[in-house]
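Each chain, letter by letter, is given below.
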Amino acid sequence: MTGNAVSAKTWSETGNAPAGLQRIVPTARRRRLALPRPIRKLAGLVLLITLWIVATSRGWIAFQLLPAPWDIWHAFTELLMKGELAQALLLSLRRVAIGFVIGFSAGLLLAIPAGLLRIGEDLIDAPVQMVRTMPWAGLVPLLLIWFGIDEEPKIALVALAVVFPIYFNLFAGIRNVDQGLVEAAQTLGFSRRELIMHVVLPGALPTALVGLRYALGSAWLALVFAEQVNSQGGLGYLVTFAREIYRTDIIVVCLVIYALLGLAADFSVRLLEKGLLSWRPAFQAR
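To keep things clear, this report deals only with the structure shown in the data block.

Cut-offs applied
Residues numbered from 1 in each chain as written. Predicted model: local features only at pLDDT ≥ 70, side-chain atom pairs only at ≥ 80, totals over all residues. Heavy atoms only, no water. Helix = DSSP H or I, 4+ residues; strand = E, 2+ residues; numbered from the N terminus. Buried < 20%, exposed > 50% of the residue type's maximum accessible area, 1.4 Å probe, protein only. Contact = heavy atoms within 4.5 Å. Areas by Shrake-Rupley, 256 points an atom, 1.4 Å probe, with all protein chains shown as cover. Axes fitted to C-alpha atoms, helices over the stretch in contact; angles between N-to-C directions. Parallel < 35°, antiparallel > 145°, perpendicular 65-115°, else oblique. Left-handed = near helix turned anticlockwise from the far one by under 90°. Nonpolar A, V, L, I, M, F, W, Y, C, P; charged D, E, K, R; others polar. Patch = residues over 30% accessible without salt bridge, like charges linked within 9 Å, V, L, I, M, F, W, Y side chains within 5 Å. Salt bridge = Lys/Arg side-chain N within 4 Å of Asp/Glu carboxyl O. 1 Å grid on protein atoms, 1.4 Å probe; cavity = no way out; pocket = protein on both sides within 12 Å on 5 of 7 lines; lining within 4 Å. Points joined across faces, edges and corners; volume = space filled by probe spheres on them.

1. A few points about the overall build of the chain
Stage number 1. Along its length, the chain carries 11 helices and zero strands.
Stage number 2. Along its sequence from the N terminus, the chain presents helices and strands in the succession α-α-α-α-α-α-α-α-α-α-α.
Stage number 3. Expressed as a percentage of its 286 residues, the buried residues of the chain come to 32%.
Stage number 4. In the chain, the proportion of contacts linking residues at least 24 apart, taken out of those at least 6 apart, comes to 71%.
Stage number 5. Only carbon and sulfur atoms are counted for the fraction: they give 66% of the accessible area of the chain, which is about 19,100 Å².

As structure tokens, this is what we get:
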């Protein structure tokens, strides 16, 4: 024991490894270009807009196919000054908000009993799987017959688009909770309610938040489709109207607004993830 200690001390002081051993030297990290991350994130968008400007200014792309950025800006200011854009945007946001709340609530009410109880899975999972495979276009005539041509079928379509990502991701999150954590909680004497509230649901939260991101994106996709069917207002109505009068600039304005709204929704969920999942260490990309 003393000889080994002396050898280790001599090695650490002299820096010479004993025979048969080799010192492990960490590889130096490669230096990267020290650009701020916001600039790196904007680089791809700036490049795309630059290519767009060059292609339209040189006539490589016809106006009927894709207007130039300044034409898009002109159409945006035109709609804004007339008040049409604000009115359509508020109506679309109202439809998405109501449909999302209904779909989110339904997804929770379906996923929790199906994930926690075998009888819940037997009664709920098969019907949900069947409804999920139905195409949206096939449901529209039925929704129009049930709810008429007012706001209800549009909200119902958004709710249907939201409920399935919430249900499947929360169901999968509950079923994939670490069994070791469950057994440890049972060993500590947790009741059934304490086990669900303090182990199962927090363990399912990461997967559930992934479903929330998908649900928000699906809500906007469903709204685009819903507002082009017997609609008298909203961003989708502006797209349909612009298509009839061949105003591709208005169509692009509405599509850009849809994209920005979807990006804002995704960003809000990312902030929510940072707050709710601060307890969980995760891989950090470099």
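From this point, the discussion proceeds with the structure in view.
2. Examining the packing of helix α6 (residues 136-147) against helix α7 (residues 152-175)
Stage number 1. Orientation of α6 relative to α7, taken along the N-to-C sense of each, is 140 degrees, at an axis distance of 9 Å. The orientation of α6 with respect to α7, classified from their angle, is oblique. The chirality of how α6 crosses α7 is right-handed. Residues Trp136, Leu139, Val140, Leu143, Leu144 and Phe147 of α6 pack against Glu152, Pro153, Ala156, Leu157, Leu160 and Ala161 of α7.
Stage number 2. Along the lines of polarity and charge, the residues of the contact of α6 with α7 split into 11 nonpolar, no polar and one charged.

3. Focus on a nonpolar patch on the surface
Stage number 1. A cluster of nonpolar side chains, namely Leu42, Leu45, Val46, Leu48, Ile49, Ile53 and Trp70, defines an oily patch on the protein surface of about 650 Å² accessible area.
Stage number 2. Among the elements that line the nonpolar patch, the one with the most residues is helix α2 (residues 37-57), at six residues.
Stage number 3. Considering the arrangement of structural elements, one finds Trp70 in helix α3 (residues 69-82).
Stage number 4. Since its relative accessible area comes to 45%, Trp70 is described here as partly exposed.

4. What about the environment of Gln179?
Stage number 1. Structurally, Gln179 can be placed in helix α8 (residues 179-187).
Stage number 2. Through-space distance from the C-alpha of Gln179 to that of Val200 is 9.7 Å; in sequence the pair is 21 residues apart.

5. Remarks on the layout of surface pockets
Stage number 1. Each pocket or cavity is described by its volume, and for the second largest pocket that value is around 480 Å³.
Stage number 2. Taken together, 14 residues line the second largest pocket, and the ones lying closest to its centre are Ile49, Trp52, Ile72, Val256 and Leu260.
Stage number 3. Those elements that provide at least two residues to the lining of the second largest pocket are α2, α3 and α11 (248-276).
Stage number 4. For the lining of the second largest pocket, the element with the highest residue contribution is α11, accounting for six residues.
Stage number 5. Taken together, the residues of the lining of the second largest pocket sort by class into 14 nonpolar, no polar and no charged.

What is shown is where atoms sit, not what they do.
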